[in-house]
Amino acid sequence: MNLKHLIAGTLGAGLLASTAMAGGHEAQGRDGSVNIIYWQAASIMNPYLSGGTKDINAASMVIEPLAHYDENGAMVPTLVDEIPTVGNGGVSADLTSITWKLSEGLLWSDGSAVTSADVVFTAEYCMDETGGCQQLSKFGGVESVEAVDDLTVKITFDGPKPFPYGPFVGSTTPILQAAQFADCMGIAAPTCTDQNFGPIGTGPFTVTEFRANDSITLAANTNYREAGKPAFATVNFKGGGDAAAAGRAALETGEFDYAWNLQLAPEILADMEAKGVGTVLSSFGPLVERLMINLTDPSADLGDERSTVAHPHPFMSDMAVRQALSMAIDRPLLVEIGYGQAGKVTCNVLPAPAIYDSPNNAGCEVQDIAGANALLDEAGWEMGADGVRAKDGVRLSILYQTSTNAVRQDFQALIKQWWSEIGVETELKNISGGVFFGGDQSSPDTFQKLFADLEMYANNFDGTDPEAYMGNWACAEIPSPENAWLGGNMPRYCNADYDALVAEMGGTADIAERARLAIAMNDMLMQSYSIIPLVHRGNVSGIVNTLEGVKLNAWDSELWNIADWSRSE
Amino acid sequence: MLNFTLRRLMFTIPTLLLISFIIFLILDMAPNDPTGNLPLTIPPEVRATIRASLGLDEPLYIRYLLWCQQFFVNEPLNLLNEWFGWCIGDCENRLRVSSWATRSPVVDLIAERMPQTLWVVGMSYVVGILIAVPIGVISAYKQYSWFDQFGTFISMIGFSVPTFFTGVLMIVIFSVWVPNDSIFWLPSIYDTTHKVDDWSSFVFQIRQMAMPVMVLGLYNAALISRFMRASMLDNLTQDYVRTARAKGLKEQTVLLVHVLRNSMIPVVTVIALGIPQIFGGAIITEQIFKVNGLGQLLIIGIQGADIPLVQTLTFLFAVLIVLFNLVADVLYGLLDPRIRYD
């Protein structure tokens, strides 16, 4: 670098610093009002009583957790100065406790001080068995939450917890004000309408008017910890309508500044964006649309032992068949047709956060019908006169089920076509989402029972830690009549080596080591073709071009950084 | 007349109780689960706890009796308390009918949505009547004229083209094509928090009501104008009309006093029976323009399996329908001297 560049660089940095200073002195609320539209209206502002994304996002403008996830999935301190780790002594060496230290001088929007008692109260509030707390799983394994002093909270677990960031990290578990919610414990929780509609928080905004399932009006929190933020004085958070109307309002008419979750056909979204009023943003979490292969026999003749490990599948247990099915799929085309900007090709069931994304399975990105045919020929599956391959009297005839959804039915039709080209006959079935995902014990059509040869759906995990998610494919997680068909191991995959990796991850705290284990587990599933990933799906939202500072976040509430939003003009 | 009204009112009580029980049974048998829409990441044990906290593990008759007690006893007592300050019993901790999704009293939710529904859907009904009556009268008087043909054409369109099409079409024209700064530009999203306190806010209210009111008004007008036309045609050929003309009455008097009054009898019934639909909200139109009134509340309740909300709303609609049937019967007696109930 020569001197000229160096000087220019220094000048530039100086200039940046001075504008940043000026920014610091600008008044709160200088940019007027921001209009946000969620086509699913918010019902309540208390995430502990509603697991719905819309409610969690609405609440995230008002109440905050101790730490957030940023747009890359990294933890950022919110109400604390630093994230506790084993390295800085915040997490005990035996991994059984974590100690959070609140920042000094934090105030609630009503002017009172935030203390460790509020954090302890929030934990008790959710862990009360009669309250029906919807975030209870975040507090799994928590033995006690105690206040060490006014600003220090110690969470103790009932065993080693390598990833102790379940409670109070991310917008699903924000801190409630103990004084406000004191009378709302347990069975009284749902009766506290005023509290649930207008929680007192530490976030950039406070609720002025809450109209359930309709709209929320918010005003800047004058006690917000950062001077000059938020730039907007008020928020108008409107709900209702549908994704197309929301997209139109932000991308075509400009009536709204931010439109959430624009799940629209790619070409419709592109047309809207072409108006030049707004921009479509997307971000990718761990959501993957996948095929779950049934490794057990779903034949109805087996009665109660249908789709249980007692009977291996007549042809899906042959790896060549599973591999051929995967090779015959044109994933880039699926992305283009079904998701556009909201999808990416993936060959992993664990594609994000980036450190967990395995580089070892890239081969699936290209469709290879000839290769799939050759593989099946080699494995002895011979093409019959009816165009369907068979071996020893077993025909490659598949029942392929999924939930009712326009994109999924398109995918089924395309995949059926590709499979017919490799001599596999496919029967399609779609089941209403409420039944398919509903978990009704009496229904034969749930995704856990999997009374089909394979099924397609999407799943992901909360936060950034894949331990529980990867643990889904351990032998113990296989759904069966014995465990009332609960468990996430839909393929009925059972491998002692895999279980060993799951156990090892349960005792490993080092993040790089955890990543190695997660990648190894992902590779075992992928290379055995028990799960066939199709599309890595993202969140899509639209903003008008004058709105600045939006960082779409798939790991936390989409409105996580609304304090930093501003308007350019 | 009074006797008749009282007798009919007495009959409505068992009818409504039966209706409420049937609604409850239907909702209970429907395959829905209030935890069904939660993210897959929430484990089944937590779902079971949530269902228990909503009281879903109680037997059917207990849940029904509880709802009856909350709706027929606690809610009226609460109203007395709020309106007149009368406190009967334990008015602090009274259990009211609460929505599962919002965890707030259903009656408060309904009261919050009443204004926009009455303004938009009610206004569209008024506009519809104001358009329909003259069109019906003229169409009938000048039967098969170009006006009648045109009116028939328009009402056929209004009746057969669904509001979800006309609504979106109007949005595309008035919100998307028309530039934002033009006086013809209309907002596509209704602002329920808007308060009318001066001239400019009143103008804004008119603008945001314009599209939903016109879309619904066209639909209502189409229906009522057909009734009006048919009823006028029936009367125009009657003997008393010929008599009136023979007496030398002015054509205007014949038409607007004699024929119109008699023709209004069936139309008034149709209008009265249509009023409960105003409260029911126009589900589709409310959804398109984001008016978020009672119709949208019902839809959200159904989608989220919010049973107390759906049960209470449907029951209130049933009450309105039963009441307005009675009103229509009473109006018959008032308008038509030939009908006497006593």
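It should be emphasised that the depicted structure is a prediction, and the values quoted were computed from it without experimental measurement.

## Comments concerning the overall build of chain A
Then comes step 1: Within chain A, the secondary structure is distributed over 15 helices and 21 strands.
Then comes step 2: Overall, chain A is about 80 × 55 × 55 Å in size when its C-alpha atoms are taken along their principal axes.
Then comes step 3: Considering chain A as a whole, with its 569 residues, one finds that 50% of them fall into the buried category.
Then comes step 4: Within chain A, residue pairs in contact and separated by at least 24 positions form 67% of the contacts whose partners lie at least 6 positions apart.

## Quick word on the overall build of chain B
Then comes step 1: Counting its regular elements, chain B contains 12 helices and 0 strands.
Then comes step 2: Reading the helices (α) and strands (β) of chain B from amino to carboxyl end gives α-α-α-α-α-α-α-α-α-α-α-α.
Then comes step 3: When the 342 residues of chain B are sorted by exposure, 33% land in the buried category.

## Concerning the interface of chain A and chain B
Then comes step 1: The interface is formed by 41 residues belonging to chain A together with 39 residues belonging to chain B.
Then comes step 2: Taken together, the elements giving at least two residues each to the side of chain A that touches chain B come down to helix H5 (193-197), strand E7 (205-211), strand E8 (215-220), helix H6 (243-251) and helix H12 (433-436) of chain A.
Then comes step 3: Counting residues per element, the side of chain A that touches chain B draws most heavily on H5 of chain A, at 3 residues.
Then comes step 4: Grouping the constituent residues of the side of chain A that touches chain B by class yields 12 nonpolar, 21 polar and 8 charged.

## Some words on the sheet that holds strand E4 (residues 97-101) of chain A
Residues and elements named next belong to chain A.
Then comes step 1: In spatial order, the strands read E4-E6-E5; together these 3 strands make up an open sheet with antiparallel pairing. Of all strands in the sheet, those with a lone pairing partner are E4 and strand E5 (142-149), marking the two edges. Geometrically, the sheet is characterised by an average inter-axis angle of 20° between neighbouring strands, direction not taken into account.
Then comes step 2: Relative to strand E6 (residues 152-157), E5 runs antiparallel, the two being bridged by 6 bridges. If you follow Val-142 over to E6, its bridge partner there is Phe-157.
Then comes step 3: Against the sheet, helix H3 (residues 116-127) contacts E5 and E6, and its axis sits at roughly 160° relative to E5.

## Brief notes about unusual backbone geometry
Residues other than glycine predominantly adopt negative phi, and peptide bonds predominantly adopt the trans conformation.
Residues and elements named next belong to chain A.
Then comes step 1: Here the bond from Lys-229 into Pro-230 is cis, since omega is -5°, no more than 30 degrees from zero.
Then comes step 2: Structurally, Pro-230 is set in the loop between E8 and strand E9 (234-239).
Then comes step 3: The step from Ala-352 to Pro-353 runs through a cis peptide bond, and the omega angle for that step is -5°.
Then comes step 4: A positive phi angle, near 55°, is found at Ser-307, a position not held by glycine.
Then comes step 5: The residue Ser-307 is located in the loop between strand E11 (278-293) and helix H8 (319-327) in this model.
Then comes step 6: One non-glycine residue, Trp-485, adopts positive backbone phi at about 60°.
Then comes step 7: Positionally, Trp-485 belongs in the loop between helix H13 (467-470) and helix H14 (496-505).
Then comes step 8: What makes Trp-485 partly exposed here is the crowd of 19 C-beta atoms within 10 Å.

## Examining the packing of helix H4 (residues 106-141) of chain B against helix H9 (residues 251-280) of chain B
Each pair of packed helices can be summarised by the angle the axes make with each other and by the distance between the axes.
Residue and element names in this part refer to chain B.
Then comes step 1: Interhelical geometry of H4 versus H9 gives an angle of 150° and a closest axis separation of 11 Å. Regarding the angle of H4 to H9, the classification is roughly antiparallel. Once H4 is placed against H9, the crossing between them reads as right-handed. Of H9, the residues touching H4 (which contributes Thr-117, Val-121, Gly-122, Tyr-125, Ile-129, Val-137 and Tyr-141) are Leu-255, Leu-260, Ile-271, Ile-278 and Phe-279.
Then comes step 2: Taken together, the residues of the contact of H4 with H9 break down into 10 nonpolar, 2 polar and no charged.

## Looking at the nonpolar core
Then comes step 1: Formed by 211 residues in total, the largest nonpolar core has its most connected members in Ile-37, Ala-246, Ala-250 and Ala-259 of chain A.
Then comes step 2: At 13 residues, helix H7 (residues 199-236) of chain B tops the list of elements feeding residues into this core.
Then comes step 3: When we break this core down by domain, the ones giving at least three residues each are domain 1 (35-99) and domain 2 (106-335) of chain B.
Then comes step 4: Apart from the residues lying within four places of it in its own chain, the contact partners of Ile-37 of chain A are Lys-238, Ala-246, Ala-249, Ala-250, Phe-256, Ala-259 and Trp-260 of chain A.

## A short note on the domain arrangement of chain B
Residues and elements named next belong to chain B.
Then comes step 1: Along its sequence, chain B is carved into domain 1 (35-99) and domain 2 (106-335).
Then comes step 2: Computed over C-alpha atoms, the centres of domain 1 and domain 2 are 35 Å apart.
Then comes step 3: The residue makeup of the side of domain 1 that touches domain 2, split by class, is 3 nonpolar, 4 polar and 2 charged.

## A few points about the environment of Gly-471 of chain A
All names here are of chain A.
Then comes step 1: Structurally, Gly-471 is set in the loop between H13 and H14.
Then comes step 2: Taking the number of C-beta atoms within 10 Å as the measure of exposure, Gly-471 has 20 and is therefore buried.
Then comes step 3: Counting along the chain gives 34 residues from Gly-471 to Met-505, while the straight-line C-alpha distance between them is 9.3 Å.
Then comes step 4: Every residue in contact with Gly-471, bar those within four places of it in the chain, is listed here: Glu-477 and Val-502.

## Here's the deal with the packing of helix H11 (residues 294-303) of chain B against helix H12 (residues 307-335) of chain B
Residue and element names in this part refer to chain B.
Then comes step 1: Running from amino to carboxyl end, H11 crosses H12 at an angle of 140°, the nearest separation of the two axes being 8 Å. By the angle between their axes, H11 is oblique relative to H12. When you trace H11 past H12, the crossing you get is left-handed. Touching Leu-294, Leu-297, Leu-298, Gly-301 and Ile-302 of H11 are Leu-309, Val-310 and Leu-313, all from H12.
Then comes step 2: Of the residues that constitute the contact of H11 with H12, the class distribution is 7 nonpolar, 1 polar and no charged.

## Quick word on the confidence of the model for chain B
Then comes step 1: With 98% of its residues at a pLDDT of at least 70, chain B reaches an overall mean of 87.
Then comes step 2: Both scores are given for the predicted complex: the pTM is 0.83, the ipTM 0.82.

## A word on helix H3 (residues 60-84) of chain B
Residues and elements named next belong to chain B.
Then comes step 1: The end-to-end C-alpha distance of H3, which contains 25 residues, comes to 35 Å, matching closely the 36 Å that a straight helix rising 1.5 Å per residue would cover.
Then comes step 2: Of all the bends found along H3, the most pronounced is centred on Asn-74 and spans about 35°, while Pro-76, a proline, follows it within four residues.
Then comes step 3: Looking at the buried residues of H3, the elements they touch are helix H1 (2-29) and H12.
Then comes step 4: Remark: Gly-85 follows H3 within two positions and exhibits a positive phi of approximately 75°.

## Some details on the sheet that holds strand E14 (residues 389-391) of chain A
Residues and elements named next belong to chain A.
Then comes step 1: One open sheet holds the 3 strands; their spatial order is E13-E14-E15, and the pairing between them is antiparallel. The open sheet terminates on both sides in strands that have one partner only, identified here as strand E13 (382-383) and strand E15 (394-395).
Then comes step 2: As paired strands, E14 and E15 are joined by 2 bridges and run antiparallel to one another. Its bridge partner lying in E15, Lys-391 is registered against Val-394.

## Regarding the pairing of E8 of chain A
All names here are of chain A.
Then comes step 1: Both E7 and E8 contribute to a ladder of 6 bridges, which runs antiparallel. The residue of E8 that forms the bridge with Val-207 is Leu-218.
Then comes step 2: Note that E8 and E9 share 5 bridges and pair antiparallel. Residue pairing across strands places Leu-218 opposite Val-235, the latter belonging to E9.

## Brief notes about the environment of Val-259 of chain B
Residue and element names in this part refer to chain B.
Then comes step 1: Topologically, Val-259 is positioned in helix H9.
Then comes step 2: On a C-alpha basis, the gap between Val-259 and Ser-231 in space is 9.4 Å, while along the polypeptide they are 28 residues apart.
Then comes step 3: Residues in contact with Val-259, not counting those within four places in the same chain, are Met-232, Asn-235, Leu-236, Val-241 and Val-254.

## Topic: the confidence of the model for chain A
Residues and elements named next belong to chain A.
Then comes step 1: Mean pLDDT over chain A: 89, with 95% of residues reaching 70 or higher.
Then comes step 2: Averaged pLDDT values over the elements of chain A bottom out at 42 in helix H1 (residues 3-25) and peak at 96 in strand E10 (residues 258-259).
Then comes step 3: Overall, residues 1-24 carries pLDDT values under 50, and its contacts beyond four positions in sequence, including any with other chains, amount to 4 contacts.

## A word on the environment of Lys-154 of chain A
All names here are of chain A.
Then comes step 1: Looking at the element boundaries, Lys-154 is found in strand E6.
Then comes step 2: As for Lys-154 and Gly-240, which are separated by 86 residues in sequence, their C-alpha atoms are 41 Å apart.
Then comes step 3: Leave out the neighbours within four places in its chain, and Lys-154 touches Ser-97, Thr-99, Glu-146 and Val-148.

Calculation rules
- Residues numbered from 1 in each chain as written.
- Chains lettered and ligands numbered in written order.
- Predicted model: local features only at pLDDT ≥ 70, side-chain atom pairs only at ≥ 80, totals over all residues.
- Helix = DSSP H or I, 4+ residues; strand = E, 2+ residues; numbered from the N terminus.
- Buried ≥ 20, exposed ≤ 12 C-beta atoms within 10 Å, placed from the backbone.
- Contact = placed C-beta atoms within 7 Å.
- Nonpolar A, V, L, I, M, F, W, Y, C, P; charged D, E, K, R; others polar.
- Pairing = 2+ DSSP bridges.
- Axes fitted to C-alpha atoms, helices over the stretch in contact; angles between N-to-C directions.
- Parallel < 35°, antiparallel > 145°, perpendicular 65-115°, else oblique.
- Left-handed = near helix turned anticlockwise from the far one by under 90°.
- Core = buried A, V, L, I, M, F, W, Y, C linked by C-beta atoms within 7 Å.
- Domains from an automatic or database assignment.
- pLDDT = per-residue confidence, 0-100.
- Expected span 1.5 Å × (residues − 1).
- Bend = angle between axes of the 7 residues up to and from the residue.

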